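Here is what each chain is made of, one letter per residue.
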Amino acid sequence: MNPSQSKTALVVGAGIAGASVCYALSKQNIKTILLEQESSAAEKASGNPIGVVYPFLTKHKTLESEFSLLAYQYFLELWESLDLGKRVPHVDGIHFLLDSTSAYDRYSHSLHSHHIPETLACLSKEPNSNLDALLFPKGKAVSPVFLTKELIRIANPMEHYNSKLISWEVNEENGNLICHTEKEILYVDYLFLAQGYQFVMDPKLQWIPMKQVRGQIVRIPSSIFQNQFSILYGDYLTAEIGGERVLGASFDEFHLEEETRQKETFDLWNGLQTKLPNLLPNWKEIEIQNFGTRVSFRTQSQDRHPVVGKLPNHSLLDTSVKYQNLFRKNAKTFQIPYYETVGILNGLGSRGLTHALLAAEILVCDLLSQKLEISDTIKKALKPDRFLLRKWKRDELT
Ligand SMILES: Cc1cc2nc3c(=O)[nH]c(=O)nc-3n(C[C@H](O)[C@H](O)[C@H](O)COP(=O)(O)OP(=O)(O)OC[C@H]3O[C@@H](n4cnc5c(N)ncnc54)[C@H](O)[C@@H]3O)c2cc1C
């Protein structure tokens with residue numbers, strides 16, 4: 001028996017990140033408890049009615065684009081092997097408009113520089129506008145709520161809802177983790193933190209430069225538009241799922257109120273009309289102020305890349321080691337101390353649905369010291385350590 005199989009893990013947060021961690025843990029046969037403060041899964045950032053799944057690409061390969069493409073391919077593999085399409089409402093096909101010379105240049109090059117096969121992405125025309133577009137034939141509009149719940153169903157953890165993690169600490173005697181919820185104390189071997197924007201409530205995470213970002217979408221009755229595929233043009237209009245389409249999204253990292261902003265609904269609508277005037281013959285007749293909206297909050301790290309890995313123990317840092325002294329004779333080396341059995345998956349930005357499954361696999365393999373065929377450079381670029389190293393170089397560690 002694998003020694004980790006007699007261990008217990010606690011996953012905090014039942015959004016797409018926590019659900020993906022539960023799935024990765026289930027493959028390792030680790031007993032898992034999923035803790036969620038709300039009464040069910042996917043009520044926060046992962047609770048939008050429709051989201052889009054497609055990779056982030058750059059003209060030339062970057063660590064971000066390589067990770068994103070791998071994550072997209074991993075998502076599609078699991079989509080097939082777990083037969084997710086059976087239970088998760090979705091529509092295949094995304095047109096990403098290339099309506100400027102620079103966009104065309106960037107994305108047409110990206111197909112070559114990333115060796116992307118035609119089955120994943122190809123140049124095409126968006127039929128409503130006849131504009132150049134990158135077509136992701138297997139890109140998806142999905143229900144994030146169903147996707148999150150389906151991953152949890154497959155992983156089958158013990159689910160504790162209406163249960164909030166208040167604090168946690170390491171038992172110095174045996175290395176176990178003591179986790180205090182509002183209702184009970186849980187003693188576990190591993191802790192996976194996937195609290196989304198509420199990471200700020202955890203004092204051991206506050207050093208990580210992540211922001212809470214407000215996002216607003218508009219819910220449009222599906223009959224108003226006829227587009228079969230989702231269309232991305234900076235903002236996006238999704239294909240139809242469950243009788244509606246989503247027009248999204250406006251983001252704001254400075255003002256974080258929960259109330260709808262009517263102006264943003266109008267701005268999104270006007271933006272769509274400007275980009276795709278042929279979508280409707282009668283734009284003026286539509287009373288968009290009557291459409292539903294949803295406001296939710298996602299996280300974004302300082303470099304906009306996810307935060308995935310073993311959690312550094314910020315309080316044990318030796319701040320006397322200066323970067324400037326590094327090359328001096330007998331200089332002390334800078335070591336990052338870790339909580340060895342605590343991992344974080346956060347900072348998923350605006351591509352959480354595409355990135356969470358691979359990020360969770362990387363995280364679980366890292367904590368369980370399992371090998372995973374992904375380059376160390378990609379894994380390193382995701383680790384929270386990068387922020388400590390940056391602060392150290394800038395002499396900002398206190
Ligand atoms: C408007 C908008 C549109 C978006 N559109 C897309 C899209 O089209 N495609 C895409 O890929 N991504 C999209 N995103 C991004 C995506 O939704 C997020 O990246 C993703 O949902 C984040 O998932 P998460 O699990 O990290 O966070 P969440 O879904 O917020 O989950 C965190 C969970 O942790 C729980 N929690 C927090 N603290 C505690 C605690 N102490 N104890 C117990 N439970 C706790 C919360 O209640 C919550 O359920 C969008 C985001 C927004 C805001």
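In the nomenclature of an unreviewed UniProt entry, the protein chain corresponds to FAD dependent oxidoreductase domain-containing protein from the organism Leptospira ellinghausenii.

Right, let's talk about the overall build of the protein chain for a bit. Looking only at helices and strands, the protein chain has 8 helices and 18 strands in total. The C-alpha radius of gyration computed for the protein chain amounts to 22 Å, which stays within 12% of the reference 21 Å derived for 398 residues, consistent with globular compactness. Every one of the 398 residues in the protein chain was classed for burial, and the buried ones make up 54%. A fraction of 74% describes how many contacts in the protein chain between residues 6 or more apart in sequence connect residues 24 or more apart. Summing over all exposed atoms, the protein chain offers an accessible surface of approximately 18,400 Å²; the carbon and sulfur share of this is 49%. For the protein chain, the distance from the average position of its 43 positive side-chain charges to the average position of its 45 negative side-chain charges is 5 Å.

On to the sheet that holds strand 10 (residues 185-188). Spatially, 8-9-10 is the arrangement adopted by the 3 strands of the open sheet, whose pairing is antiparallel. Looking along the sheet, the strands with just one partner apiece sit at the ends: strand 8 (165-170) and strand 10. The average undirected angle you get between the axes of adjacent strands in this sheet is 20°. Relative to strand 10, strand 9 (residues 177-181) is paired through 4 bridges, and the arrangement is antiparallel. Each residue of the ladder has a partner; that of Ile178, found in strand 10, is Tyr187.

The subject of this paragraph is the packing of helix 1 (residues 16-27) against helix 4 (residues 144-155). To characterise two packed helices, one gives the angle between the axes of the helices and the distance between these axes. The N-to-C vectors of helix 1 and helix 4 enclose an angle of 25°; their axes lie 8 Å apart at closest approach. Taken as axis vectors, helix 1 and helix 4 run roughly parallel relative to one another. Considering the relative orientation of helix 1 and helix 4, their crossing is left-handed. Note on element contacts: helix 4 touches helix 1 through Leu147, Thr148, Leu151, Ile152, Ile154 and Ala155, opposite Ile16, Ala19, Ser20, Cys22, Tyr23 and Ser26. In terms of residue class, the contact of helix 1 with helix 4 is made up of 9 nonpolar, 3 polar and no charged.

With that out of the way, let us pick up the domain arrangement of the protein chain. Note on interface size: it is often stated as the accessible area lost on association of the parts. Domain parsing of the protein chain yields domain 1 (3-45 + 147-201 + 302-393) and domain 2 (50-142 + 211-301). The straight-line distance from the C-alpha centre of domain 1 to that of domain 2 is 28 Å. Listed per partner, the contact involves 39 residues of domain 1 and 31 residues of domain 2. If you sort the residues of domain 1 by the area they bury against domain 2, Tyr197, Arg351 and Thr354 come out on top, with a joint share of 20%. Taken together, the connections running from domain 1 to domain 2 amount to 1 salt bridge. Between Glu150 and Arg87 there is a salt bridge, with the nearest N and O atoms lying 3.7 Å from each other. Run the count over domain 1 and domain 2 and you get 13 residue pairs in polar contact (both at pLDDT 80 or more). Of all the secondary-structure elements, those providing two or more residues to the side of domain 1 that touches domain 2 are helix 1, helix 4, helix 6 (352-367), helix 7 (376-382) and helix 8 (385-393). Per-element accounting of the side of domain 1 that touches domain 2 gives the leading share, 8 residues, to helix 6. Here the side of domain 1 that touches domain 2 is built from residues that sort into 19 nonpolar, 10 polar and 10 charged.

Conventions we followed
- Starting from 1, residues in each chain are numbered consecutively following that chain's sequence as written.
- In keeping with the predicted nature of the model, local features appear solely for residues at pLDDT of at least 70, side-chain atom pairs appear and are counted solely at 80 or more, and the whole-chain, interface and lining totals rest on all residues.
- To get the side-chain values, take all heavy atoms of the structure and skip hydrogens and water.
- Runs of E in the DSSP output that reach at least two residues are strands. Runs of H or I that reach at least four are helices, and both are numbered from the N terminus.
- Values of the radius of gyration come from C-alpha atoms, whereas the globule rule sets the reference at 2.2 Å times the count of residues to the power 0.38.
- Residue burial is assigned from relative accessible area. The probe radius is 1.4 Å, only protein chains are included, and a residue is buried under 20% of its type maximum, exposed over 50%, and partly exposed in between.
- Whether two residues are in contact is decided by their heavy atoms: any pair within 4.5 Å suffices.
- Accessible surface area values rest on a Shrake-Rupley calculation with a 1.4 Å probe, where residue burial reflects the displayed protein chains alone.
- Under the counting rule used here, the positive set is Lys and Arg, the negative set is Asp and Glu, and His together with the chain ends is not counted.
- Every charge is mapped onto a representative atom, which is NZ of Lys, CZ of Arg, CG of Asp or CD of Glu.
- Two strands qualify as a pair provided DSSP detects at least 2 bridges between them.
- Here, axes are lines fitted to C-alpha atoms. For helices the fit covers the stretch in contact, and angles between N-to-C directions go from 0 to 180 degrees.
- Working definition: roughly parallel below 35 degrees, roughly antiparallel above 145 degrees, roughly perpendicular at 65 to 115 degrees, and oblique for all remaining angles.
- Should the near helix be turned anticlockwise from the far one by less than a right angle, the crossing is termed left-handed; should it be turned clockwise, right-handed.
- Under the scheme applied here, ten amino acids are nonpolar (Ala, Val, Leu, Ile, Met, Phe, Trp, Tyr, Cys and Pro), four are charged (Asp, Glu, Lys and Arg), and all others, including Gly, are polar.
- By convention here, the domain bounds are inherited from an automatic or database domain assignment.
- We define buried area as the total accessible area lost by two parts upon association, computed with a 1.4 Å probe and summed across both.
- Counted as salt bridges are all cases of a side-chain nitrogen of Lys or Arg within 4 Å of a carboxyl oxygen of Asp or Glu.
- The term polar contact refers here to a pair of N or O atoms within 3.5 Å; inside protein, the definition further demands a hydrogen-donor-capable atom paired with an acceptor-capable atom, and it admits residues adjacent in sequence only when both atoms are side-chain atoms.

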